[in-house]
Amino acid sequence: MKTQLLTEKEMERAAAILRAGGLVGIPTETVYGLGANGFDAEAVSRIFLAKGRPQDNPLILHIPSATWLERCCRDIPESAWTLAGACWPGPLTMILPRAPQVPDVVTAGLDTVGVRCPGHALCRAVIEAAGVPVAAPSGNLSGRPSPTTAGHMREDMEGRIDAIVDGGPCAVGVESTIVDLTCTPPRLLRPGGITLERLRELLGQVEVDPAVVRLMDEGEHPRAPGMKYRHYAPRAPVTVVAGQPERSAAYIAGHARAEDGVICFAEFLPLFTERMGAGPVMDLGPAGDTAEQARRIFDALRAFDHTAVPAIWAQCPDACGIGLAVSNRLSKAAGFHIIQV
Ligand code: AMP
Ligand code: MG
């Protein structure tokens, strides 16, 4: 199959492909998604094939406005309307009781469903034109870093899906925050662009699922099934060095071999690029700018796959604000191999 690259002007074509049961790469403000008609079980099952995604990892339904919530969910609590009012359209997924018309393949058989109204206007326009909720996981091959440009998505999906809509680079750069509203207190299942601090302002107490901050033991089942998989991994092994930026930079400079790859804050670029025979160095952005780090993290991880680096070392921000999401993605890319300095 030839994968068509569509522009904004061709969004009706993307909607028609979705309605007909095809697969379309869609831009969102978080990462590019791999979309199908969320009410068409056969179409959704093709997403799993194209990605090589395990069947037990459910998908998020994307809707163009909160008024579609009732098409996907039942017994919607007040907290969901509060969050929708404050955070939608935007990078927040809510886990809610599932409506009967949502196929099993979307939820991996769970009686809950993840729903999100994306902040990317073109994405909402495509869904609106398709007239159905769009089930979409991130548009990478399973296990690989998520795509934050149409080019990344082509790297992984060329020949495997019908089309990709190019909506430019993603403004947030990490996947949506996931909050489970079916338990008390609500629980953060995945950190993202809507911060834990913001959720607590809106909801009061919010717990953090242990899978956000540590490796799951064998037999442990995180509430977001996807959090148990090794994720976001470039081909070379990653070591995260956490702590005060000057100290983590010094630690990496003292331990990395010349040919190793480095992901560092902008301030420390010269320290690594001026090494003798330096391996590739990726700039994560200024140490104090976690939003910029979120935009760059997946591109940085992907970039090493075009090189022969034997190992990758990464500086890591504090877990405040969107820094929690950056730190979580880096830690997962490293299989939670983290050195605290
Ligand atoms: P992706 O879209 O690739 O970022 O993956 C979607 C994420 O949402 C995965 O981590 C899933 O495990 C999680 N997810 C989707 N639906 C549910 C649900 N009903 N309950 C818990 N987690 C979910
Ligand atoms: Mg994903």
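Residues numbered from 1 in each chain as written. Chains lettered and ligands numbered in written order. Predicted model: local features only at pLDDT ≥ 70, side-chain atom pairs only at ≥ 80, totals over all residues. Heavy atoms only, no water.

Here we look at the site of ligand 1
- Not every one of the 21 residues close to ligand 1 is listed here, only the nearest: Asn57, Thr112, Arg190, Arg223 and Gly226.
- Note that a nitrogen atom of ligand 1 is positioned 3.0 Å from one of the side-chain N or O atoms of Thr112.
- With respect to the pocket detection grid, ligand 1 is positioned in the largest pocket.
- At the level of secondary structure, the elements contributing two or more residues to the shell around ligand 1 comprise β6 (112-116) and β10 (187-190).
- Of the residues forming the shell around ligand 1, the biggest block, 3 residues, is contributed by β6. (Near = heavy atom within 4 Å. Polar contact = N/O pair within 3.5 Å; in protein donor to acceptor, adjacent residues only side chain to side chain. 1 Å grid on protein atoms, 1.4 Å probe; cavity = no way out; pocket = protein on both sides within 12 Å on 5 of 7 lines; lining within 4 Å. Sits in = over half its atoms within 2 Å of the grid points. Helix = DSSP H or I, 4+ residues; strand = E, 2+ residues; numbered from the N terminus.)

Focus on the packing of aromatic side chains
- Scanning the model with the defined rule gives 0 aromatic pairs in all.
- Positioned over the ring face of Trp68 is Arg71, at 4.3 Å from the centre of the ring. (Phe/Tyr/Trp six-rings, centres within 6.5 Å; stacked < 30°, edge-to-face > 60°. Lys NZ or Arg CZ within 6 Å of the ring centre and 35° of its normal.)

Topic: the layout of surface pockets
- Estimates place the volume of the largest pocket at around 710 Å³.
- Of the residues forming the lining of the largest pocket, the biggest block, 4 residues, is contributed by β6.
- Considered as a void within the structure, the second largest pocket measures approximately 190 Å³ in volume.
- Considering the residues around the second largest pocket, the lining is formed by 16 residues, among which Cys316, Ala319, Ser327, Ser331 and Ile338 are closest to the centre.
- Elements that contribute at least two residues to the lining of the second largest pocket include exactly β12 (238-242), α12 (323-333) and β16 (338-340).
- Ranked by the residues each element gives to the lining of the second largest pocket, the list is headed by α12, at 4 residues. (Points joined across faces, edges and corners; volume = space filled by probe spheres on them.)

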